[in-house]
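Listed here are the chains, written in short residue letters.
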Amino acid sequence: MSTDNTPALDISNTVLELGDGDSRVRALDDVSVTVMPGELVAIVGPSGSGKSSLLAIAGALAHPDSGTVRVHGTDLATLSKRTRARFRLRNIGFVFQSGNLLPALTAADQLRLAGRLAGNRHVDPAPVLESVGMGHRAGHRPGELSGGERQRVGIARALVNHPSLLLVDEPTAALDRQRSHEVVQLLADRAHDAGVAVVMVTHDRDVLEHCDRVLEMVDGRLGIPVAV
Ligand SMILES: Nc1ncnc2c1ncn2[C@@H]1O[C@H](COP(=O)(O)OP(=O)(O)OP(=O)(O)O)[C@@H](O)[C@H]1O
């Protein structure tokens, strides 16, 4: 049961082990973190420290060996495979490194498809594209867009079903400095204005100033907050 004080994401004492035999790795080692609606939280840390694994369990793409993951009060482990897929489509948005758009679809159709997959047949892409400054590019395919524009369409697609939680993996990897600031400022605005909880993995220390909290992962452990 969720209330206004319910965290958008509540990860508690999770352990995730990957691989077999001698190559078995503890990707997450007793990780706990709570993110409230309206917060933009950055996760930084060295390569292999477990950042993607954290996003994977938060997005119900992987299941921890122990510990719990709650999204807006729902314990993901209590959902059947089918219900979990529907829950993910409706409540969690994903933004990937380079937008991850389908080459053949216009910006508007990327959003319509995301809506339909979540059971939303009557999505109106225009206001969502407008909200990320892409209203004038609704009819363009990814090949006709710049890297920053593609990333914005990717964010619009992730927002089209009004998720309570947005999981963002290296959104600035393909962008120059100015575009990087614009994209992360956009994520901060969505968090603060629409109350979406945003968890962003990044190597880009330049953009941390836009974040409400920065947490560092080292060897599968989530450490103390980093001062920005
Ligand atoms: N499928 C897998 N099988 C075995 N080990 C894995 C698997 N996926 C990841 N790992 C290991 O788990 C650990 C955490 O990986 P993860 O991808 O979460 O790190 P990361 O911080 O996201 O790294 P990067 O910044 O390079 O993307 C690493 O030691 C990695 O080698």
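First, a word on scope: everything that follows refers to the structure included in this document.

Here is what the cut-offs are and how they apply
- Residues numbered from 1 in each chain as written.
- Predicted model: local features only at pLDDT ≥ 70, side-chain atom pairs only at ≥ 80, totals over all residues.
- Heavy atoms only, no water.
- Pairing = 2+ DSSP bridges.
- Helix = DSSP H or I, 4+ residues; strand = E, 2+ residues; numbered from the N terminus.
- Axes fitted to C-alpha atoms, helices over the stretch in contact; angles between N-to-C directions.
- Contact = heavy atoms within 4.5 Å.
- Buried < 20%, exposed > 50% of the residue type's maximum accessible area, 1.4 Å probe, protein only.
- Near = heavy atom within 4 Å.
- Polar contact = N/O pair within 3.5 Å; in protein donor to acceptor, adjacent residues only side chain to side chain.
- Areas by Shrake-Rupley, 256 points an atom, 1.4 Å probe, with all protein chains shown as cover.
- Nonpolar A, V, L, I, M, F, W, Y, C, P; charged D, E, K, R; others polar.

## Some points on the sheet that holds strand 3 (residues 40–44)
Here is step 1 of the chain: Taken together, the 6 strands give an open sheet; going across it, the order is 6-7-8-3-9-10, and neighbouring strands pair in mixed fashion. Each having just a single partner strand, strand 6 (92–95) and strand 10 (221–225) make up the two edges of the open sheet. Neighbour-to-neighbour, the strand axes of this sheet turn through a mean angle of 20 degrees, independent of strand direction.
Here is step 2 of the chain: Across 4 bridges, the pairing between strand 6 and strand 7 (residues 165–169) is parallel. Residue pairing for strand 7: Val95 is matched across the bridge by Val168.
Here is step 3 of the chain: Here helix 1 (residues 51–58) sits on the sheet in contact with strand 3, strand 6, strand 7, strand 8 (197–201), strand 9 (213–218) and strand 10, set at roughly 155 degrees to strand 7.
Here is step 4 of the chain: Those strands touched by helix 5 (residues 147–159) are strand 6 and strand 7, and its axis lies near 170 degrees from that of strand 6.

## Here's the deal with the environment of Gly115
Here is step 1 of the chain: If you trace the backbone, Gly115 turns up in helix 3 (residues 107–117).
Here is step 2 of the chain: Given the relative accessible area of 0%, Gly115 is considered buried.
Here is step 3 of the chain: Expressed as a C-alpha distance, the spacing of Gly115 and Leu89, which sit 26 residues apart in the sequence, is 8.8 Å.
Here is step 4 of the chain: Non-local contacts of Gly115, meaning those with residues more than four positions away in its chain, are made with Asn120, Val123, Val160 and Asn161.

## A short note on the site of the ligand
Here is step 1 of the chain: Taken together, the neighbourhood of the ligand is formed by 13 residues, with Ser47, Gly48, Lys51, Ser52 and Ser53 sitting nearest.
Here is step 2 of the chain: Taking Ser47, its side chain carries an N or O atom lying 2.5 Å from an oxygen atom of the ligand.
Here is step 3 of the chain: Side-chain polar atom of Ser52 to an oxygen atom of the ligand: 2.7 Å apart, as the coordinates give it.
Here is step 4 of the chain: Here the ligand, which alone exposes 640 Å², has 59% of that area covered by the protein.
Here is step 5 of the chain: Contributions of two or more residues to the shell around the ligand are made by strand 2 (25–35) and helix 1.
Here is step 6 of the chain: No other element matches helix 1, which puts 3 residues into the shell around the ligand.
Here is step 7 of the chain: Partitioning the shell around the ligand into residue classes produces 4 nonpolar, 8 polar and 1 charged.

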